[in-house]
Amino acid sequence: MIKYKSTAFLDKKEGLTLLEILVSAAVLITAAVILTDTMSFLLKQQVNAEKAAYAVFLAQEKGEELKAVPWENLVSQPEAEISGCPGFSRSVEVRSLNSYTKQVTIKVYYPLQGSRKGIQKVTFERTEDFK
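As the structure is a computational prediction, the values presented were derived from the model and not from experiment.

A few words now on the pattern of salt bridges. Counted under the stated rule, the structure contains 2 salt bridges. The shortest N-O distance in the salt bridge between Glu65 and Lys62 comes to 3.6 Å. Taken together, the residues Glu65 and Lys62, both in helix α2 (residues 18-67) and 3 residues apart, mark about one turn of the helix. Ionic pairing is found between Lys67 and Glu64, a salt bridge with its closest N-O pair at 3.4 Å.

Here you go:
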């Protein structure tokens, strides 16, 4: 009589149960959702930081323009759209500190995600041009 020996891989119950597979899938899906939300948040923050940096550039650019304006012609300007920059606006506030010094504050408003607006300010002082 011939005896057959059972092979080890047929006798052992190796592998994953359906419950183990479902738990593993749930963990992977949860991790993927968290990573996707984090990436989305970081992308929005990057866009907002780029807009803030551009707003500072626009404020500094206006400041350089105003430095060329004669001292007696330095006056405040109401908030107005910046041409070529949709969503960006700028205002200039000129305040006399004394009879020969003016403080100039340039505010640039820019759009953020949603309905919020950001603001960047650049302030400098200018003394009277003595001749």
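Next comes the rest of the description.
Within a regular beta strand, the side chains point alternately toward one face of the sheet and then the other, so they alternate between its two faces. Of all 11 residues in strand β3 (residues 101-111), 9 are buried, a share of seventy percent or more. When strand β2 (residues 89-98) meets β3, the two strands line up antiparallel, connected through 9 bridges. Each residue of the ladder has a partner; that of Arg90, found in β3, is Val108. Where β2 folds back onto β3 in an antiparallel hairpin, the turn is made up of 2 residues.

A word on the nonpolar core. In this structure, Leu66, Phe88, Val104, Ile106 and Val108 are the most contacted members of the largest nonpolar core, which totals 18 residues. Listed by contribution, the elements that provide at least two residues to this core are α2, β2, β3 and β4 (117-127). Here the element with the most residues in this core is α2; it accounts for 5 residues. Those residues in contact with Phe88, other than ones at most four positions away along the chain, are Lys51, Tyr54, Ala55, Leu58, Glu81, Ile82, Val108, Tyr109, Tyr110 and Pro111.

Where strands meet in a sheet, backbone hydrogen bonds hold them as pairs that are either parallel or antiparallel. The strand order β1-β2-β3-β4 describes an open sheet built from 4 strands, whose pairing is antiparallel. Looking at the sheet topology across the chains shown, the edges are occupied by β1 (77-81) and β4. Along the sheet, successive strands turn relative to each other by an average axial angle of 15°, direction set aside. This element, α2, spans β1, β2, β3 and β4 of the sheet and lies at about 150° to β3.

Rules behind the numbers
Within any chain, residue numbers begin from 1 and follow the written order of that chain's sequence. In keeping with the predicted nature of the model, local features appear solely for residues at pLDDT of at least 70, side-chain atom pairs appear and are counted solely at 80 or more, and the whole-chain, interface and lining totals rest on all residues. Hydrogens and water are ignored here; the side-chain numbers use all heavy atoms of the structure. Any carboxyl oxygen of Asp or Glu that lies within 4 Å of a side-chain nitrogen of Lys or Arg is treated as forming a salt bridge with it. Numbering of helices and strands runs from the N terminus, with a helix taken as a DSSP run of H or I at least four residues long and a strand as a DSSP run of E at least two residues long. Buried means the residue's accessible area, taken with a 1.4 Å probe over protein chains only, is under 20% of the maximum for its type, while exposed means over 50%, and partly exposed covers the values in between. Here the rule is simple: two strands pair whenever DSSP picks up at least two bridges between them. We define the nonpolar core as a collection of buried residues of types Ala, Val, Leu, Ile, Met, Phe, Trp, Tyr and Cys that are connected through side-chain atoms lying within 4.5 Å of one another. Here, two residues are considered to be in contact whenever any of their heavy atoms come within 4.5 Å of each other. Axis lines are fitted through C-alpha atoms, for helices just across the contact stretch, and the angle between N-to-C directions can take any value from 0 to 180 degrees.

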